[in-house]
Amino acid sequence: MPTAAQLANVVISGTLTGTVYGLMALGLSAIFGVIRLVNFAHGELMTLAMYAAVVAFQGLALDPFLTMVVAAALFAGLGYLLQRAFINRFVHRPEHMQMLLMIGLSIIIANLLLIGFGPDARSVQTSYQLDSFELGPILVDKVRVYAAGAAVVATAALAAFFRFTLTGKAIRACADNPLGARVAGLPVAHLYAVTFGIGAASVAVAGCATVSLIDVTPTLGPSYTLLAFVIVIVGGLGSMVGALLGGLLIGISEALAGVLIAPSAKSMVSFGLLIVVLLARPRGLMGGAQR
Amino acid sequence: MNNDASKGFITRRTFGAAVGTLALSAAARAKADTAKAKLKIGVLLPRSGLQALIGQSCQKGADIAPDLIRQRLGVEIEIMNADTESNVDTARSRAERLIGEGAHVLVGAFDSGHTAAVAQVAEQHGVPHIVNIAAAPQITEQGYKFVFRNFPPAPEIGRNGLVLLKDIFAEAKVAPKSAVFMHVNDTFGQSMAKGVAALLPTLSMPFKLLDTIAYDPAAKDLTVEVSKAKATSAELLLLVCRLNDAVVLRREMVKQRWNPMGVVSPGSPGLYEEQFAKALGKHAQYCITNTVWFNPKNGITQAFAAAFKKQFAKDDLSYHGINATYTFDAILTAADAFKRARSTDPKALAEAIRQTNIAATDRVSFGGPIKFNAKGQVEGNRSVVLQNLGGKPTVVLPKDLAQAQLAFPAPKIG
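Quick summary incoming for the structure in this document. (Residues numbered from 1 in each chain as written. Chains lettered and ligands numbered in written order. Predicted model: local features only at pLDDT ≥ 70, side-chain atom pairs only at ≥ 80, totals over all residues. Heavy atoms only, no water.)

**Re the packing of helix α4 (residues 88–100) of chain B against helix α5 (residues 112–125) of chain B**
Between two packed helices, the angle of one axis relative to the other and the distance separating the axes together describe the packing. All names here are of chain B. Selection rule: Only the stretch in contact is used when fitting a helix axis, every axis being a line fitted to C-alpha atoms; angles between N-to-C directions are given from 0 to 180 degrees. A helix here means a DSSP run of H or I that spans at least four residues, while a strand means a run of E at least two residues long, and both kinds are numbered starting from the N terminus. Orientation is classified from the angle alone, with under 35 degrees giving roughly parallel, over 145 giving roughly antiparallel, 65 to 115 giving roughly perpendicular, and any other angle giving oblique. Handedness of a helix crossing follows the sense of rotation of the near helix relative to the far helix, less than a right angle counterclockwise being left-handed and clockwise being right-handed. The contact definition used throughout considers only heavy atoms, calling two residues in contact when any of these lie within 4.5 Å. Note on residue classes: Ala, Val, Leu, Ile, Met, Phe, Trp, Tyr, Cys and Pro are nonpolar, Asp, Glu, Lys and Arg are charged, and everything else, Gly too, is polar.
Across the interface, α4 lies against α5 with an axial gap of 8 Å and an inter-helix angle of 30°. Between α4 and α5, the angle falls in the class roughly parallel. Judged by the sense of rotation from one axis to the other, the crossing of α4 with α5 is right-handed. Touching V88, A91, R92, A95, E96 and I99 of α4 are G113, H114, A117, V118, Q120, V121, A122, Q124 and H125, all from α5. The class makeup of the residues in the contact of α4 with α5 is eight nonpolar, five polar and two charged.

Structure, rendered in structure tokens:
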């Protein structure tokens, strides 16, 4: 049987990891919730952000947690442009066409990264990368604490944006009733682009937060896309709170499964959870009624 | 003038002379053709994807092969490269394509799962397949007639690796009382795990195995696994890993401040790779792998090392010691068979490979002669104790090949 300290260690680690997962999935959920588009290039955007952090670290000695501010702004711009230039044209097309567009985009990003950086794993090596906070018998990974902190701040900022700003309220209006929003004169195409920009920015923050924990390779994207899907489906597609909850749930359940069942059962548990949620509550834990 | 001939008849003597001339010219042409002919070797490696770094490391051995083999054996070979993308299905389809494009022999494919898929294709088409690196025992246990392997199967690697543990303890004059075994749960890892589980009780080790922990080779987070291993308070970590997971695992050990007497792999990739040293810096130090290696004393190894240095000036052979040399030896085996068979016919080549007898001193990798048993398996490949010292993998045992003194228990890294 695991000791209390061991359990506490892995639960804390799972919670911190789950918070970053949640932020990553938040972008996917926001984009789907408003634009009704499933972003199959989500993991590749995160990989791109991780490479941006590596380049900034190697070229400018910039800490990834500082890079994330710049990366969020750049990715917001990139997301906005992508939506306005390409994706907007597909918003009202059949879902399979949207899917092909986004998969195409993901392949292009992955291959450009492969051409630019080669297949080698890249990492940043900060001075605190291998440090831990010691709380009695519990050791908490310093980078995970910083990453989760950044995720919490980014999530709070997003929540405040959607709740208190005029643009945020307009985006929510678009999400609730696109036709009504259009009738009311809201610039829907612009708001969709802002939403995609927000989704890309949040995934950029998650990427910069993760790069100190995981080495990045051009082929990392699909696993993150899949993870984000599992999280948002568990949490509820389109629900921001659900994405966070899903992230935490996956993070903690994987950690506990690793200790209580077997480490190799971690993925089995997260996918098991997905199946249970799909059977018991197809809309996800926090998912609203179908539009 | 002979009357019969003048009438257009062919005499027995004329006929015999004509047949003799034709036979002689055919033989001469065949000899000339063999001299001119090229053996097309399809080399399947994971050049991209999860195992890209290792695949590219193997590739260096293939790149050196044509020139060095021409110099030593006087035969021409052509390398046909194929990328398995670290994926079993791709490995299978690339093998099919290579055969379709005229490959006479297949070499590869580093990963046991990929290699098993390539072996199936080779057997179906009756094209010889020489495994460069892949340790799953079943590859040469299927009764295949066209599959050959000069690489020890997992139980043999495990046995050699575990036996060398005793040499480490004897050399260090200290032994751990307990150990925890962690392994990747892919085809290779599971084969190794079975081997270790079967062999450990028979080897009278000084330590007790406290736990066995399997983990996903693609895992990005090994917090739980390391936490579980640390909780056993084992004095030794026995590890069967790949490269990326080895980096993640070692980092996690540092974060969780777990410092066992040693991290020892009984024969897996990962700990001796260049990327491992690059990614971990000082924390890569003192990790040990008991593994197959090359024999630096052989003349062919020295020629190989010189060719390697010339072709890859920026690379250090120490980081490619297994991948490049075993890939080269697989190609060497194919070329040697081609030289003897004087044919690119798959059946003739397979028969010649079966009769291979390359002396221990004429191979680059470390072991006895390359001779295939009835199953197509070479026996007698040997392992060394390789420890990361001074930033690169260094042979510390056996004594006659040692480049430096063993450091065990691993000194604390500040």
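After that view, the rundown keeps rolling.
**Topic: the sheet that holds strand β11 (residues 383–389) of chain B**
All names here are of chain B. What counts here: Any two strands with at least two DSSP-identified bridges between them are counted as paired.
Spatial strand order, β7-β6-β8-β9-β10-β11-β12: seven strands in an open sheet with mixed pairing. Only two strands of the sheet have a single neighbouring strand rather than two, namely β7 (208–215) and β12 (392–397). The average undirected angle you get between the axes of adjacent strands in this sheet is 25°. The pairing of strand β6 (residues 178–184) with β7 spans seven bridges and is classified as parallel. Across the sheet, the residue bridging to V184 is Y215, located in β7. In this fold helix α7 (residues 187–199) packs onto β6 and β8 (236–240), with an angle of close to 150° to the strand it touches most, β6.

**Quick look at the pairing of strand β2 (residues 76–83) of chain B**
The two faces of the sheet receive side chains in turn, since in a regular strand these alternate between them. Residues and elements named next belong to chain B. Note the threshold: Whether a crossover is right-handed comes down to one check: with the strands pointing away from the viewer, does the path from the first strand over the helix to the second run clockwise; if it does, it is right-handed.
Bridge analysis of strand β1 (residues 38–45) against β2 gives eight bridges, and the strand direction is parallel. Residue pairing in the sheet places L44 in a bridge with A82 of β2. For the handedness criterion, the β-α-β arrangement of β1, helix α3 (residues 52–73) and β2 is classed as right-handed.

**What to know about the pattern of salt bridges**
This is how it is decided: Each reported salt bridge corresponds to a side-chain nitrogen of Lys or Arg within 4 Å of a carboxyl oxygen of Asp or Glu.
Applying the stated rule across the entire model yields 20 salt bridges over all chains. Residues participating in the shared-partner salt-bridge network are D141 and R144 of chain A together with D221, E252 and K255 of chain B.

**A word on the interface of chain B and chain A**
Interfaces are often described in size by the accessible area the parts lose on coming together. The line we're drawing: Note on terms: buried area is the combined drop in 1.4 Å-probe accessible area of two parts once they are placed together, counting the loss on both. In protein, a polar contact requires one atom able to donate a hydrogen and another able to accept it; more generally it is a pair of N or O atoms within 3.5 Å, and residues adjacent in sequence count only if both atoms are side-chain atoms.
Facing 30 residues of chain B, the contacting portion of chain A comprises 32 residues. A buried area of about 2,500 Å², summed over both sides, lies between chain B and chain A, and 51% of it is on carbon and sulfur atoms. Note that K266 of chain A is salt-bridged to E225 of chain B, the shortest N-O span being 3.1 Å. On inspection of chain B and its partner chain A, the count reaches 13 residue pairs in polar contact (both at pLDDT 80 or more). When residues of the side of chain B that touches chain A are traced back to their parent elements, those giving at least two are α3, β7, α8 (223–231), α9 (243–255) and α10 (274–280) of chain B. Broken down by element, the side of chain B that touches chain A gets its largest block of residues, seven residues, from α8 of chain B. Class assignment of the residues belonging to the side of chain B that touches chain A gives a composition of 10 nonpolar, eight polar and 12 charged.

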